[in-house]
Amino acid sequence: MPHPSPSPAPTLGLLLNDTARLLRRRFDQRARHLGLTRAQWNVIAMLFRNEGINQAGLADLLEVEPITLCRQIDRMEEAGWVERHPDPNDRRARLLRLTGKAHAILEQGRAVAAEVYAEALAGMPPDAEAQLGALLAQMRNNLSDRRPAESEGTDRSATVS
């Protein structure tokens, strides 16, 4: 009877995806008491980094359809999380800003995130977070659309999943 072949080691893509999924799940569990959905958290976090962006730009950053984001922003505006302001350069566009309510909840969300990161990094060397952050930032820069494409002669392809 042949021995079953050992399962292959997880790929980088699988590890990154699975770790991100588990981080999101743990954050959702711990932040549930704050009363925001993951989609709302994503809007608040991205708006915090890009305050004053228009809806089309935010939809692009969040990788969602503009109409989907429009409905989300409508609900968040009604709930007092986001404000729309006229764009002085385009009378059709509205610029998005977080309210004081959103800034206050953002601080609570950051505290929850810090707890989740501490749990994820437990048992690792003290400088692991900084090293991991630097490595992931370099990977992001390498893959960013803002970076010129490498020459066709260089093949560094690998299985993504």
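Residues numbered from 1 in each chain as written. Predicted model: local features only at pLDDT ≥ 70, side-chain atom pairs only at ≥ 80, totals over all residues. Heavy atoms only, no water.

Trainee: How would you sum up the nonpolar core? Please name residues and give values.
Mentor: Core analysis: the largest hydrophobic core is formed by 25 residues, its most contacted members being Ile44, Leu47, Leu58, Trp81 and Val82. Elements with a minimum of two residues in this core: helix 1 (12-31), helix 2 (38-49), helix 3 (55-62), helix 4 (66-78), strand 2 (90-98) and helix 5 (100-120). Looking at this core, the element that brings in the most residues is helix 5, giving six residues. Beyond its immediate stretch of four places on either side in the chain, tryptophan 81 contacts Leu36, Ile44, Met76, Arg97, Leu98, Thr99, Lys101, Ala102 and Ile105. (Core = buried A, V, L, I, M, F, W, Y, C linked by side-chain atoms within 4.5 Å. Buried < 20%, exposed > 50% of the residue type's maximum accessible area, 1.4 Å probe, protein only. Helix = DSSP H or I, 4+ residues; strand = E, 2+ residues; numbered from the N terminus. Contact = heavy atoms within 4.5 Å.)

Trainee: How would you sum up the pattern of salt bridges? Please name residues and give values.
Mentor: Evaluated as defined, the whole model comprises eight salt bridges. The salt bridge partner of arginine 21 is aspartate 18, with a shortest N-O separation of 2.4 Å. With arginine 21 and aspartate 18 both in helix 1, this residue pair falls three residues apart, about one helical turn. The class for arginine 21 is partly exposed, based on a relative accessible area of 33%. For glutamate 107, the salt bridge goes to arginine 110, with nearest N and O atoms at 3.2 Å. (Salt bridge = Lys/Arg side-chain N within 4 Å of Asp/Glu carboxyl O.)

Trainee: If you had to explain the confidence of the model for the protein to someone new, which residues and values would you point to?
Mentor: Overall, the predicted model of the protein reaches an average pLDDT of 87, with 87% of residues at or above 70. Per-residue pLDDT stays below 50 along residues 151-161; that stretch engages in seven contacts with residues further than four places along the chain or on separate chains. (pLDDT = per-residue confidence, 0-100.)

Trainee: Residues and numbers for helix 5, please.
Mentor: For helix 5, spanning 21 residues, the distance from its first C-alpha to its last is 30 Å, which sits close to the expected 30 Å at 1.5 Å a residue. Buried residues of helix 5: Ala102, Ile105, Leu106, Gly109, Val112, Ala113 and Val116, and no others. Each buried residue of helix 5 sits inside an arc of 130 degrees when the element is viewed along its axis, so together they form one side. Projecting away from the buried face of helix 5 at angles above 90 degrees are the exposed residues Gly100 and Ala118. (Expected span 1.5 Å × (residues − 1). Arc of directions from axis to C-beta.)

Trainee: With reference to specific residues and values, describe the packing of aromatic side chains.
Mentor: In this structure the tally under the stated criterion is one aromatic pair. Ring centres 5.4 Å apart and planes at 85 degrees place the aromatic pair phenylalanine 27 and tryptophan 41 in the edge-to-face group. Of the two residues, phenylalanine 27 is situated in helix 1 and tryptophan 41 in helix 2; the sequence distance between them amounts to 14 residues. For the pair phenylalanine 27 and tryptophan 41, a shared accessibility class is recorded, and that class is buried. It is lysine 101 that lies over the ring of tryptophan 81; its NZ or CZ is 4.4 Å from the centre. (Phe/Tyr/Trp six-rings, centres within 6.5 Å; stacked < 30°, edge-to-face > 60°. Lys NZ or Arg CZ within 6 Å of the ring centre and 35° of its normal.)

Trainee: Which residues make up the packing of helix 1 against helix 5, and what are the values?
Mentor: At their nearest, the axes of helix 1 and helix 5 sit 10 Å apart, and the two run at 130 degrees to each other. Looking at the two axes, helix 1 sits oblique to helix 5. Of the two elements, helix 1 crosses helix 5, and the hand of that crossing is right-handed. Counting all contacts with helix 1, which are made through Leu23, Arg26, Phe27, Arg30 and Ala31, the residues of helix 5 involved are Gly109, Val112, Ala113, Glu115, Val116, Tyr117, Glu119 and Ala120. By residue class, the composition of the contact of helix 1 with helix 5 is eight nonpolar, one polar and four charged. (Axes fitted to C-alpha atoms, helices over the stretch in contact; angles between N-to-C directions. Parallel < 35°, antiparallel > 145°, perpendicular 65-115°, else oblique. Left-handed = near helix turned anticlockwise from the far one by under 90°. Nonpolar A, V, L, I, M, F, W, Y, C, P; charged D, E, K, R; others polar.)

Trainee: Just give me the short version of unusual backbone geometry, but keep the residues and values in it.
Mentor: Glycine aside, a negative phi is what most residues show, and trans is what most peptide bonds show. Phi at glutamate 63 is positive, roughly 60 degrees, even though this residue is not glycine. By secondary structure assignment, the location of glutamate 63 is in the loop between helix 3 and helix 4. Classification of glutamate 63 by relative accessible area gives exposed; the value is 74%.

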